[in-house]
Amino acid sequence: MKREVSCVLFLLSGFLFPFCAGHAQCAGSGYPGLLIPQIADGGAWMTTIVVTNMASTQASPSLVFFQDVGRGATQPWSLGFSEMSSAQAQTLTIPPGSTLFLHTLGSAPATAVGWGMLSGGGQCGNGAVSVYAVFTQRVPGRPDQDGTGEATIPAHRFLVPFDNTNGAVTSMAIASAGSLQTISLGVRTSDGTVTQLPAIALPPDGHTSFAFPTQFPNTSGKAGLAEFYSSSDTFSILALRFGADAFTSTPVYSVTGAPSIVSTP
């Protein structure tokens with residue numbers, strides 16, 4: 001492990017957040033920790049963060065959070081939990097073979113969005129500590145809806161299945177984990193059509209989120225596979241599939257090698 005100061009950002013389908021700090025970086029891996037690409041709190045939303053220590057020894061990971069302040073910019077987020085304060089979450093102590101559940105308050109009238117990062121705890125290879133988020137949407141007159149998003153390691157290339165058919169909409173958020181970068185984007189729809197879409201430019205430690213058919217109208221009413229690729233820096237992605245009355249997370253695949261759909265930037 002080495003110490004490196006950097007920032008990270010993130011949002012999704014109307015939810016977002018960011019933070020800058022000195023944090024551990026895994027030597028040779030190029031990533032500062034595990035990113036939780038989506039957190040939403042207040043309004044109709046609350047988030048549960050689940051941290052598990054799978055090792056036989058005590059773990060001391062740190063959670064930090066970043067809130068969207070508009071135009072892709074973020075600021076440190078003092079995200080409160082029922083169990084502890086945001087400051088206390090930066091110095092966690094988790095016994096061996098234990099899981100910690102942290103529930104955001106969800107009491108603010110308006111929804112705040114952002115992202116989080118878990119550093120420390122041995123995720124540089126032994127996978128001692130894992131983390132994921134559960135998003136709960138509360139709509140009067142119907143049961144609460146839950147969706148789960150795993151924390152991810154930033155990478156240079158992701159494959160993301162999407163489905164915008166039969167009233168469904170795929171939404172996603174992208175957070176950079178490095179410097180100024182351009183992310184190339186291409187899709188192959190289920191009928192075999194390949195389209196090179198406009199590249200996504202992100203500032204250092206930048207973030208963007210969008211509903212796929214809104215951002216790229218030629219994917220409206222279609223399903224297929226999207227490929228996001230940057231040769232220079234790493235980034236992370238979270239994807240959600242929204243239906244008429246419910247939503248769910250969808251897998252994103254971190255892959256290596258040259259792009260198979262888009263042209264190499």
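As a reminder, the structure under discussion sits directly above these lines.
Each value, and the rule that gives it
Residues numbered from 1 in each chain as written. Predicted model: local features only at pLDDT ≥ 70, side-chain atom pairs only at ≥ 80, totals over all residues. Heavy atoms only, no water. Phe/Tyr/Trp six-rings, centres within 6.5 Å; stacked < 30°, edge-to-face > 60°. Helix = DSSP H or I, 4+ residues; strand = E, 2+ residues; numbered from the N terminus. Buried < 20%, exposed > 50% of the residue type's maximum accessible area, 1.4 Å probe, protein only. Pairing = 2+ DSSP bridges. Core = buried A, V, L, I, M, F, W, Y, C linked by side-chain atoms within 4.5 Å.

Asker: In this structure, what is going on with the packing of aromatic side chains? I would like to understand it.
Answerer: The description of two aromatic rings rests on the distance between their centres and on the angle between their planes. Per the stated rule, a full pass over the model turns up nine aromatic pairs. Relative to F212, the ring of F162 lies with its centre 5.0 Å away and its plane at 45°, an arrangement referred to as tilted. Of this pair, F162 sits in strand β11 (residues 157–163) while F212 is found in helix α2 (residues 212–215), placing the two residues 50 residues apart along the sequence. Across this residue pair, the class does not change: F162 and F212 are buried. Considering the side-chain rings of F242 and F247, the 5.5 Å spacing of their centres and the 20° angle between planes classify their relative orientation as stacked. Given a relative accessible area of 5%, F247 falls into the buried group. Taken together, F162, F210, F212 and F216 form an aromatic cluster joined through their ring pairs.

Asker: Before we go on, may I ask you to explain the sheet that holds strand β14 (residues 194–202) in this structure?
Answerer: Two pairing modes exist for strands in a sheet, parallel and antiparallel, and in both the strands are linked by backbone hydrogen bonds. Taken together, the five strands give an open sheet; going across it, the order is β14-β13-β16-β11-β19, and neighbouring strands pair in antiparallel fashion. The two strands at the open ends of the sheet, each matched to only one other strand, are β14 and β19 (253–254). Sheet topology note: the strand β13 (residues 181–189)/β14 ladder contains seven bridges and is antiparallel. Looking at β14, one finds that G186 is bridged to Q196.

Asker: I would appreciate a short explanation of the pairing of strand β12 (residues 169–176) in the present structure.
Answerer: In regular strands, side chains alternate between the two faces of the sheet. Most of β12 is tucked away, with seven of its eight residues classed as buried. Where β12 lies against strand β17 (residues 235–242), eight bridges are found, and the strand directions are antiparallel. Of the residues in β17, the one forming a bridge with T170 is R241. Two strands pair when backbone bridges link them, and β12 and strand β15 (residues 207–211) are joined in this way by five bridges, in the antiparallel orientation. Its bridge partner being in β15, M172 is matched across the sheet by F210.

Asker: I would appreciate a short explanation of the nonpolar core in the present structure.
Answerer: A general tendency of soluble globular proteins is for nonpolar side chains to be buried together. Core analysis: the biggest nonpolar cluster contains 31 residues, and I36, I49, V51, L63, F65, F81 and V131 have the highest contact counts within it. At the level of secondary structure, the elements contributing two or more residues to this core comprise β3 (34–41), β4 (45–53), β5 (62–70), β8 (112–119), β9 (129–137) and β17. F158, M172, L197 and I237 belong to the second-largest nonpolar core, a separate cluster that totals 21 residues.

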